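# Per-entry structural report
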Amino acid sequence: MVKNRRHISVPIIILKDIGLFLFLSGSASAGLTESIQVNNQQIYVNSLGMRFVTIPAGQFLMGSSDATADSREKPQHSVILSHAFFMGQFEVTQADWLAVMGENPYVRDRSNPYYLLPCMADRITHPDHPATVSWQDAMEFIEKLNQREGTTNYRLPTEAEWEYAARAGSTTRYFFGDDASALDTYAWHGENFISGGTHPVGMKKPNPWGLYDIYGNAWEWVSDYYSTHYYAQSPEHNPQGPDGGTERVVRGGSWHSTSDGWHSAWRKPYPEDYRGISIGFRVVYTDLPESSLSHQRPQQR
């Protein structure tokens, strides 16, 4: 079981002018130090305690060529991401939200009645659970986070960045292979509305690049508009999604059984003002000095 990040105490040094902090080796958490050494990754933390892992530049095949794959995952196409970036190791939590926004996310009205189901609020309203909000809410959070940190470099990941990071070098349905029976090790999924709900972030195993809950727990908003036709015309280099649309893309699936998106290529549209109990987000941080990105590419376990 992974320790909740709020309880990890590590010494840090400031990397000046970039709004992030670098974990030192020899920290109070031996497990964290070992993880960094195994994966050749450096882990960064900002003033709120939000942790980020390096995602290297690279090329991958986005989508699926499987004959049984949903049409929304096709056609499979080559994508090149020219620049490394830092991605949140965890989904944004309610504690993160409170620190930035000054309120709990559930004071905002919901787009469906599920939060009012018996005991649902008690199950999902906790500081270490994902903040489930609308795309517009996520953008408001990011704007205020940038203001707080004195930068403009926090944003949502693009859809291509999200899938690349989720795959972590894999070409299989899941980052751990094609065996769905292993999903329980990595994801909260398949629960019902009577007893289920979101869970504390970071309790399951991460993917090989150190990202927790990339499948399940909460869907994750990305920056892209949704289009069924975009994959057929997507540029190879650093795709940003369609220029416009009526809905945004969510990725990764969530905790409940009506969500079936617990694999790397699955994509789904939602209105950007939709605010339920199963869609959250994680943030990326960009434009760090190249010297901070010069370590080796993370290796799969």
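Everything in this summary refers to the structure shown in the same document.

Rules used in this analysis
- Residues numbered from 1 in each chain as written.
- Predicted model: local features only at pLDDT ≥ 70, side-chain atom pairs only at ≥ 80, totals over all residues.
- Heavy atoms only, no water.
- Buried < 20%, exposed > 50% of the residue type's maximum accessible area, 1.4 Å probe, protein only.
- Helix = DSSP H or I, 4+ residues; strand = E, 2+ residues; numbered from the N terminus.
- Pairing = 2+ DSSP bridges.
- Contact = heavy atoms within 4.5 Å.
- Core = buried A, V, L, I, M, F, W, Y, C linked by side-chain atoms within 4.5 Å.
- 1 Å grid on protein atoms, 1.4 Å probe; cavity = no way out; pocket = protein on both sides within 12 Å on 5 of 7 lines; lining within 4 Å.
- Points joined across faces, edges and corners; volume = space filled by probe spheres on them.
- Nonpolar A, V, L, I, M, F, W, Y, C, P; charged D, E, K, R; others polar.
- Phe/Tyr/Trp six-rings, centres within 6.5 Å; stacked < 30°, edge-to-face > 60°.
- Lys NZ or Arg CZ within 6 Å of the ring centre and 35° of its normal.

Here the focus is the pairing of strand S9 (residues 219–225). When you tally the buried positions in S9, you get 5 out of 7 residues, the bulk of the element. Strand direction decides the pairing type here: S9 and strand S12 (residues 279–280), joined by 2 bridges, are parallel. Residue Trp219 lies in a different strand from S12, and its bridge partner there is Ile279. With 3 bridges connecting them, S9 and strand S10 (residues 248–251) associate as antiparallel partners. Bridge pairing in S10 places Trp221 opposite Val250.

Summarising burial for helix H2 (residues 94–101): 6 of the 8 residues are buried, a large majority. Within the sequence span of H2, burial applies to Gln94, Ala95, Asp96, Trp97, Val100 and Met101. Those residues of H2 that are buried are in contact with helix H3 (120–124) and helix H4 (135–149). Gly102 sits one or two residues past H2 and shows a positive phi near 75°.

This part covers the side chain of Ser234. Note on placement: Ser234 falls in the loop between helix H6 (230–233) and S10. The residues touching Ser234, leaving out its near neighbours within four places in the chain, are His77 and Pro239.

Next up on the list: the nonpolar core. Ile55, Met87, Leu211, Ile214 and Tyr215 are the most contacted members of the largest nonpolar core, which totals 31 residues. Listing elements by their share of this core, those giving two or more residues are strand S4 (51–55), strand S5 (58–62), strand S6 (77–81), strand S7 (85–88), helix H5 (159–167) and H6. Grouped together as the second largest cluster of nonpolar side chains are 28 residues, Leu48, Trp135, Ala138 and Tyr274 included.

Turning our eyes to something else, we now look at the sheet that holds S10. As summarised here, the arrangement of the 4 strands in space is S11-S10-S9-S12, forming an open sheet in which the pairing is mixed. The open sheet has two free edges, formed respectively by strand S11 (267–270) and S12, since each of these has just one partner strand.

In total, this model carries 3 cavities of 30 Å³ or more according to the counting rule given. What the largest cavity holds in volume is close to 50 Å³. Around the largest cavity, the lining is made up of 10 residues, and of these Met50, Arg51, Gly88, Gln89 and Phe90 lie nearest the centre. Taken together, the residues that form the lining of the largest cavity break down as 5 nonpolar, 2 polar and 3 charged. Taken as a whole, the second largest cavity spans an internal volume of roughly 40 Å³. In terms of lining residues, the second largest cavity is bounded by Met62, His77, Glu159, Ala160, Asp224, Tyr230, Tyr231, Ser234 and Pro239.

Quick look at the packing of aromatic side chains now. On inspection of all chains with the given rule, the structure shows 21 aromatic pairs. Their ring planes at 75° and their centres at 6.4 Å tell us that Phe176 and Tyr215 sit as a pair that is edge-to-face. Of this pair, Phe176 sits in the loop between H5 and S9 while Tyr215 sits in the loop between H5 and S9, and the two are 39 residues apart along the sequence. For Phe176, a relative accessible area of 21% gives the class partly exposed. For Tyr215, a relative accessible area of 1% translates into the label buried. Ring geometry for Phe193 versus Trp255: centroids 5.5 Å apart, planes at 70°, classification edge-to-face. Within this pair, whereas Phe193 is found in the loop between H5 and S9, its partner Trp255 is found in the loop between S10 and S11, the two being separated by 62 residues in sequence. Take Phe193: its relative accessible area is 23%, and that puts it in the partly exposed class. Linked through ring pairs, Tyr174, Phe175, Phe176, Tyr186 and Tyr215 together constitute an aromatic cluster. The lysine or arginine in question, Lys204, covers the ring of Trp188, its NZ or CZ lying 4.3 Å from the ring centre. When the ring centre of Trp135 is taken as origin, the NZ or CZ atom of Arg248, which lies over that ring, is 3.7 Å away.

This next bit is on H5. Counting buried positions along H5 gives 9 out of 9 residues, so the element sits mostly inside the fold. Those residues of H5 that fall on the buried side of the exposure criterion are Glu159, Ala160, Glu161, Trp162, Glu163, Tyr164, Ala165, Ala166 and Arg167. Once H5 finishes, Ala168 follows within two positions and takes phi at roughly 50°, a positive value.

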